[in-house]
Amino acid sequence: MPKFIGNSLIGRTGFFCVSIVLVLITFGSFSVPLANESDSVDEYVHNNHVRRYHRRYRRRYRRRGYRRGYRRRYRRRRYNNRRIVIDLSQQRLYAWQGKRLIYSFRVSTGKRSTPTPRGRFRIRSKYRYNRMRGRGYDIPNVPYAMYFYRGYAIHGAFWHNRFGTPVSRGCVNLRVHHARRLFRWATHGTFVLVRR
């Protein structure tokens, strides 16, 4: 074998061996970075997995345009999607669950001197029987009262039968058996919309 070929092979082989040794030293000295010295490798792997999951969660919901804490509000909207719509011009109450109409009742809302407040509210409290008092009236045992704004409530009325005309003092009056069905269907926090 000629001398120059042997020298070049030895030189190449030596360079190759030195490269292999350096690579092994580099990867052999690598250690898993721990948050604390007392943490174990399993805890590090678990924390890293949780961090990756939260990173994916944030990226997914940020891409959809939702703010932090969206998932909790979304669940509430999804599973409590019941709403009550009170139409003052038609004197009707509509109970919706999602896009499905559950109930449609004739009601009696507030007369002109004591109107029913318009706007968006939520049911704050529910009473099977309740005493209602005010200027000029005191009625015990009002059935199925659901308060949605201050002293205004949706409740059954046994003292009149003029449903479809506004005769109340601001509350929304229903027939007692209709009020019972609505009382059992609605929950605390159910959305109430009062519109003209």
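Since we're looking at a predicted model, the values are computed, not measured.

**Q** A description of the packing of aromatic side chains should follow, citing residues and the corresponding values.
**A** Taken as a whole and judged by the stated rule, the model has eight aromatic pairs. With a centroid separation of 5.2 Å and 20° between ring planes, the pair formed by Tyr103 and Phe105 is classed as stacked. Accessibility expressed as a relative area gives 17% for Tyr103, which makes it buried. According to the relative accessible area criterion, Phe105 is buried, its value standing at 4%. Look at Tyr103 and Trp185: their rings are 6.3 Å apart centre to centre, the planes differ by 80°, and that puts the pair in the edge-to-face class.

**Q** I'd like a rundown of the confidence of the model for the protein chain, residues and numbers included.
**A** Per-chain confidence: the protein chain averages 79 in pLDDT, with 64% of residues scoring 70 or above. For residues 66–79, every residue scores under 50 in pLDDT, and the model assigns this stretch eight contacts once sequence neighbours within four places are set aside.

**Q** I'd like a description of the sheet that holds strand E4 (residues 119–122), backed by residues and values.
**A** An order of E3-E2-E1-E9-E4 is seen for the five strands of this open sheet, with the pairing classed as mixed. Each having just a single partner strand, strand E3 (100–106) and E4 make up the two edges of the open sheet. Along the sheet, successive strands turn relative to each other by an average axial angle of 20°, direction set aside. Bridge count for strand E2 (residues 92–97) against E3 is six bridges, and the pairing is antiparallel. By the bridge assignment, Arg92 is partnered in E3 with Arg106. Where helix H4 (residues 176–185) meets the sheet, its contacts fall on strand E1 (82–87), E2 and E3, and the angle it forms with E3 comes to roughly 145°.

Rules used throughout
Residues numbered from 1 in each chain as written. Predicted model: local features only at pLDDT ≥ 70, side-chain atom pairs only at ≥ 80, totals over all residues. Heavy atoms only, no water. Phe/Tyr/Trp six-rings, centres within 6.5 Å; stacked < 30°, edge-to-face > 60°. Buried < 20%, exposed > 50% of the residue type's maximum accessible area, 1.4 Å probe, protein only. pLDDT = per-residue confidence, 0-100. Contact = heavy atoms within 4.5 Å. Pairing = 2+ DSSP bridges. Helix = DSSP H or I, 4+ residues; strand = E, 2+ residues; numbered from the N terminus. Axes fitted to C-alpha atoms, helices over the stretch in contact; angles between N-to-C directions.

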